[in-house]
Amino acid sequence: MSKPTHLSKADIEAFGREIDAVRDEVKNDLGERDARYIRSILKTQRYSEVAGRALLMAGFLPPAWLSGVGLLSLSKILENMEIGHNVMHGQWDWMNDPAIDSATYDWDNTCPAHQWKHSHNYMHHTFTNIVDLDRDVGYGILRMSEDQAWRPQHLAQPLTAATLATFFQWGVALHDLEVERLGKDKTLKEAAVQAREIWAKARKQVLKDYVLFPALAGPMFAPVLAGNVTANLNRNLWSFLIIFCGHFTDEVEMFDVEETREETRGQWYLRQLLGSSNLTGSVPFHILSGHLSYQIEHHLFPDMPSHRYREVAPKIQEICERYGLNYNTGPLTKQFGGVVKRILRMSLPHRRKRNTLKPTTSTDAPVYAEAA
Amino acid sequence: MNPVMKKVLGSSVVSALTSPLSVDDYLALIDGRLSLSEPRGRVTHAVRQTPDSVTLVIEPNDNWQGHRPGQHVLLGVDLDGVRHSRCFSVASAPNEKSLEITVKRNGDGRVSNYLVDRAQRGQLVYLSPAEGEFYPEAKTAARALLLSAGSGITPVMSVLRHWITRGELHDVVFIHYARTQADMIYAAELQDLARRHGGLRVETVFTADGGERISEASLMRLVPDLGERETWLCGPAGFMDMAEPLVTAHSSAPLHREQFAATRRDSAQGEGAVQFLKSDIAASGESGSLLEVAEGAGLKPNYGCRMGICHACKCRVAEGSVRDLRTNRVREVRDTDIQLCIHAAAGDVAVEL
């Protein structure tokens, strides 16, 4: 699949209006049902955390330790994926409940909330998959597109990716430091301020998970510490898996700055669609992924309450079919296979892919052809 | 909550264990009313004294710091998933354990109408600390006039009950305007109080049943010694506009006023252009208060009461000309925090949103 050339500018704007209509319909329908959903998720997350930590205190019994780790991992995954990420997108701001307001919520992650809102909500969601603007394309350490220059260190990128997956929340925490800009248009002083904020945030989790709870367990110090390390690791691996399937599967498109200059709303929607990929699965799977398994819907409507993605997905898919657009979805195994393929392929030097689209002079020309 | 338990839960160790969530986030699993710092309460009685009102007795948690007679509270409820907050006067005397508020149905008032129609025992309510300057000082004026209309009776009632419980009721005239006898809340209690206390005279005027609206002549007839009385005034904006000049023309004794319920004038219309600096959006100021203009532009500023009480919507204005919707006064501001809900643009305004 490559970028669509069969749509005129007018088609793309009509497509955008149809997407807008889906958004408005949900916006006008938000209410009690949605509030009940998020409250039940909050409850599940908190009960599983309390139960998980309690079981770890009896961690000398292998079944208690295993179920404790399971419940604490579940809690951390729910908190980061379905609660934290989505609350900070403002998905629940309409409820006017200070406990889940994007302005004040902070998540159980080493990344400070306001830095996340900058690097993710603003940079990544606005400039999705635009190479050199969207720093989520490889996070500054991996080569994920032919448009990124190959360097010898990319040979090791399968290993780099595995390391990133293991320490994913720390990668996220350091992300907004934008190390590659240092000494260019970002000063060391600016980065130092951010680094202090990151440490102020991260040490709270370190203190809680690796000092206080183990100490509270007394003789159970070691099993509790090991359990907490494992739960954080599980959350890291899971979120890496889900997030990489969202933008780096095989068929996902990357964009360059030129072709997205002066984009209209319709074109923006189109880029979000082409730059994202979904995962098929059961309802519990979608919830555990923070509904990022509906990455396409999430990128079209970042501030729509996540459980609504499941409901609007068939409509989006139907609209895409009518416009002859690829709706990139598949099971986790297939999609992650595509991610692995991309990581491996990009670790080797490639010739820059030549743009095969022919230029045209028509005013109603296909938009991606114009950019060529 | 047990004070020792509260101290333990409020300690820095426990807060480090729950970080970055708060202890309250976990307490909510047990009971929504539990909190380490926020005042919240539960309705224990909901009595419908008239078809269009409900009197709620609310048992607050131990974060409620009490109130002075005549003060109001910002009361929040979740309606169709959304937290809405509105101000209500506390009618109960301060020494009572629970607090009482009376809510009257009002046109498009979602919170009021919901409470009148649906509130029942067990309803969770979010509270603010008591606020407002409408309360008597410790030493009571010997002679007082309590003057209220409609639902404006509630803070006045609180002042009266306070004097009675402290044995400070000496010479009080209570004039209340209601549409009809059936519309009047606290009618039975007031009659009973007047029977039992020689120092209290109650006059009720039912304007839809032939009673005369407030005028200079009628007021002087009902209370000829107005000039010697300290006055406590509360009612709808139209009533306040008529009553206040009548009282001040005849009395130089202190006048206490509580602008009740809808403090905003109907014409919440602005002029000029509003520039939202942080989000880089421009909008016409005509559509209403700056809060409404911001929401209309797709922004989500914080808000609470939407009537100038709670200050939740306070926001910095870099510069511009704004009109206070309560007084219609226009002023030029620069780098000033203003309440968005009760200000409209009176020219071009740059808001830091």
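The name an unreviewed UniProt entry assigns to chain B is Ferredoxin--NAD+ reductase protein, from the organism Salinisphaera shabanensis E1L3A. Chain B has a UniProt comment under Cofactor (unreviewed entry) that states "FAD". Taken directly from UniProt, the Sequence similarities (unreviewed entry) text for chain B runs: "In the N-terminal section; belongs to the FAD-binding oxidoreductase type 6 family."

An unreviewed UniProt entry lists chain A under the name Linoleoyl-CoA desaturase protein, from Salinisphaera shabanensis E1L3A.

> It is not clear to me how the side chain of His343(B) should be interpreted in this structure. Could you clarify?
All names here are of chain B. Here His343 is to be found in strand β16 (residues 343-351). At a separation of 2.8 Å, a polar atom in the side chain of His343 contacts the main-chain carbonyl oxygen of Gln339. Excluding its chain neighbours within four sequence positions, the residues that come into contact with His343 are Ser289, Leu290, Val322, Arg323, Asp324, Leu325, Arg331 and Ile338.

> I keep staring at empty space enclosed by the protein and nothing clicks. Help me out?
Left-over empty space is what a probe sized like a water molecule reveals as it rolls over the atoms. Residue and element names in this part refer to chain A. Counted according to the given criterion, the structure contains 5 cavities of 30 Å³ or more. In this structure, the largest cavity occupies an estimated 310 Å³ of space. What lines the largest cavity is a set of 26 residues, among which His85, Trp116, His120, Phe168 and Ile243 lie closest to the centre. Classifying every residue of the lining of the largest cavity gives 9 nonpolar, 15 polar and 2 charged. Breaking the lining of the second largest cavity down by element, the ones donating at least two residues are α2 (32-57) and α3 (62-88). Ranked by residues supplied to the lining of the second largest cavity, first place goes to α3 with 4 residues.

> I would appreciate a short explanation of the domain arrangement of chain B in the present structure.
Often, the extent of an interface is quoted as the loss of accessible area upon association of its parts. Domain boundaries assigned for chain B yield domain 1 (1-36), domain 2 (38-132), domain 3 (143-259) and domain 4 (273-351). Relative placement of domain 1 of chain B and domain 4 of chain B: their C-alpha centres are 36 Å apart.

> Just to check I follow, could you spell out the state of the cysteines for this structure?
Should the sulfur atoms of two cysteines be covalently bonded, the bond is a disulfide. All chains considered together, the criterion is met by 0 disulfides over all chains. Among the cysteines around Cys245(A), which has no disulfide bond, Cys320(A) carries the closest sulfur, lying 19 Å off. Of all cysteine sulfurs in the structure, the one in Cys341(B) sits closest to Cys313(B), which takes part in no disulfide; the separation is 3.7 Å. Overall, the relative accessible area of 5% leaves Cys313(B) in the buried class.

Rules used in this analysis
Each chain carries its own residue numbering, running from 1 in the written order of its sequence. Lettering of chains starts at A and numbering of ligands starts at 1, both following the order in which they are written. Given that the model is predicted, a residue must reach a pLDDT of at least 70 before its local features are reported, and side-chain atom pairs must reach 80 or more before they are shown or counted; all residues, however, enter totals for whole chains, interfaces and linings. Neither water nor hydrogens contribute to the side-chain values; these are computed over all heavy atoms in the structure. UniProt positions are given in the numbering used here, feature names are shortened, and annotations may be inferred rather than shown by experiment. What counts as a helix is a DSSP run of H or I of at least four residues, what counts as a strand is a run of E of at least two, and both are numbered from the N terminus. Two N or O atoms count as a polar contact when they lie within 3.5 Å, although within protein this holds only if one can serve as hydrogen donor and the other as acceptor, and sequence-adjacent residues are included solely when both atoms are side-chain atoms. In what follows, residue pairs with any heavy atoms lying within 4.5 Å of each other are defined as contacts. Method remark: on a 1 Å grid restricted to protein atoms, a set of points is classed as a cavity if a 1.4 Å probe fits but cannot get out and as a pocket if it is open with protein on both sides within 12 Å along at least five of seven lines; lining residues have an atom within 4 Å of a point. Grid points are joined across faces, edges and corners, and a volume is the space filled by probe spheres set on the points. Three categories are distinguished: nonpolar for Ala, Val, Leu, Ile, Met, Phe, Trp, Tyr, Cys and Pro, charged for Asp, Glu, Lys and Arg, and polar for the others, with Gly belonging to the last. Domain delimitation in this document rests on an assignment produced automatically or drawn from a domain database. Cysteine sulfur atoms that come within 2.5 Å of each other are treated as a disulfide pair. Only protein chains enter the accessibility calculation, which uses a 1.4 Å probe. A residue is then buried if its area is under 20% of the maximum for its type, exposed if over 50%, and partly exposed in between.

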